[in-house]
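Understanding the architecture of this molecule
Here is what each chain is made of, one letter per residue.
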Amino acid sequence: MQELKERILREGKVLGGKILKVDSFINHQIDPLLMALIGKDLALKFAPTAPTKVLTAEVSGIAPAIATAAILKIPLIFARKIRPVTMPEKFYLQRAPSHTKGQFVDLMVSSEFLEKRERVLIIDDFLASGQTLKALADIVIESGSMITGIGVIIEKTFDKGRSVLAPYGVPIESVVAIKEMSDEGILFA
């Protein structure tokens, strides 16, 4: 998506060679018009897989996931990082390392919203190491549901996260893929 590439080049900031800061339009301040285009792009890519629910991780995955779910006209579930008192005793839990937080985070989904035999599309903002998406995929499998695909806004291909997700045998799509990034610039795949 050309508009997203232009925004990344104009407003994105490479931090330490591994982190791409896109806080001004994706995951702190959100450009709703751009997010709607991203949701449409992801929805078109995954509509043939006939998902019944979209799953993401809070917080940064919610915007692209809700935009995608709205186009597909299906519910969105987001994995909580802190268990609220309203969550029932039965829930699914996986841990994943967070590159931006520098620690492991818990991802929890209530069993009342992810029942057996759902067809789940996983959406997130980034595919880097693949660990958060792997944790979400493991939650889907633990629930007895099926993963129909994994979609992200930005894939950092140099982090090899796609290989972590390959064993799930589902389509993996990104809106844009970055081959290299450094203080000198960003090279799209």
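Structure: see above.
First, a word on scope: everything that follows refers to the structure included in this document.

Reading the values: rules and limits
Residues numbered from 1 in each chain as written. Predicted model: local features only at pLDDT ≥ 70, side-chain atom pairs only at ≥ 80, totals over all residues. Heavy atoms only, no water. Helix = DSSP H or I, 4+ residues; strand = E, 2+ residues; numbered from the N terminus. Rg over C-alpha atoms; globule rule 2.2 N^0.38 Å. Buried < 20%, exposed > 50% of the residue type's maximum accessible area, 1.4 Å probe, protein only. Contact = heavy atoms within 4.5 Å. Axes fitted to C-alpha atoms, helices over the stretch in contact; angles between N-to-C directions. Parallel < 35°, antiparallel > 145°, perpendicular 65-115°, else oblique. Left-handed = near helix turned anticlockwise from the far one by under 90°. Nonpolar A, V, L, I, M, F, W, Y, C, P; charged D, E, K, R; others polar. Polar contact = N/O pair within 3.5 Å; in protein donor to acceptor, adjacent residues only side chain to side chain. Expected span 1.5 Å × (residues − 1). Core = buried A, V, L, I, M, F, W, Y, C linked by side-chain atoms within 4.5 Å. Pairing = 2+ DSSP bridges.

Attention now moves to the overall build of the protein chain. Broken down by element type, the protein chain carries six helices and ten strands. The C-alpha radius of gyration of the protein chain comes to 16 Å, within 12% of the 16 Å expected for a compact globule of 189 residues. Taking the principal axes of the C-alpha coordinates as reference, the protein chain spans close to 50 × 35 × 30 Å. The buried share among the 189 residues of the protein chain stands at 49%. Put simply, 60% of the contacts in the protein chain that link residues at least 6 apart link residues at least 24 apart.

On to the packing of helix α3 (residues 32-46) against helix α4 (residues 62-72). Axis separation between α3 and α4 bottoms out at 8 Å; the angle between their running directions is 60°. Comparing the axis directions of α3 and α4 gives the class oblique. Seen along the crossing, α3 lies across α4 with a hand that is right-handed. Of α4, the residues touching α3 (which contributes Met-35, Ala-36, Ile-38, Gly-39, Lys-40, Leu-42 and Ala-43) are Ala-63, Pro-64, Ala-67, Thr-68, Ile-71 and Leu-72. Residue classes in the contact of α3 with α4 are distributed as ten nonpolar, two polar and one charged.

What follows is about the side chain of Lys-53. As for its position among the elements, Lys-53 is in strand β3 (residues 53-57). One polar contact links Lys-53 to Glu-118, side chain to side chain, over a distance of 3.5 Å. When residues no more than four places from it in sequence are discounted, the contact partners of Lys-53 are Ile-74, Pro-75, Ile-77, Phe-113, Glu-118, Arg-119, Val-120 and Leu-121.

Once that is clear, we can look at α3. If you check α3, its first and last C-alpha atoms are 21 Å apart, about what 15 residues at 1.5 Å a residue would give, namely 21 Å. Of all the residues in α3, the buried ones are Leu-34, Met-35, Ile-38, Gly-39, Leu-42, Ala-43 and Phe-46. Where α3 is buried, its residues meet α1 (2-11), α2 (23-27), α4, β7 (119-127), β8 (146-156) and β9 (172-182). Where α3 starts, the residue carrying a side-chain oxygen 3.0 Å from the main-chain nitrogen of Leu-33 turns out to be Asp-31.

We now examine unusual backbone geometry. Looking along the chain, the bond that leaves Glu-58 and enters Val-59 is cis, with omega of 5°. For Val-59, the position within the fold is in the loop between β3 and α4. Non-glycine residue Ala-50 carries a positive phi angle of around 55°. Among the structural elements, Ala-50 can be located in the loop between α3 and β3.

Note that soluble globular proteins tend to have their nonpolar side chains buried in a common cluster. With 31 residues, the main nonpolar core has Leu-4, Ile-8, Leu-20, Ile-26, Ile-38, Ile-154 and Ile-186 as its most contacted residues. Counting residues per element, the ones that place at least two in this core are α1, α2, α3, α4, β7, β8, β9 and β10 (185-188). The dominant element in this core, judged by the number of residues it contributes, is α3, at six residues. In this structure, Leu-55, Leu-107, Ile-147 and Ile-150 belong to the second largest nonpolar core, which totals 25 residues.

Attention shifts here to the sheet that holds β7. Spatially, β4-β3-β7-β8-β9-β10 is the arrangement adopted by the six strands of the open sheet, whose pairing is mixed. This sheet does not close on itself; its edge strands, each paired only once, are β4 (76-79) and β10. Each strand of the sheet is rotated relative to its neighbour by a mean of 30°, with strand direction disregarded. By the bridge criterion, six bridges tie β8 to β9 in an arrangement that is parallel. Residue pairing for β9: Lys-156 is matched across the bridge by Ile-178. The sheet strands contacting α1 are β8, β9 and β10, and the helix crosses β10 at an angle near 160°. Contacts between α3 and the sheet are confined to β7, β8 and β9, with β9 contributing the most and set at about 120° to the helix.

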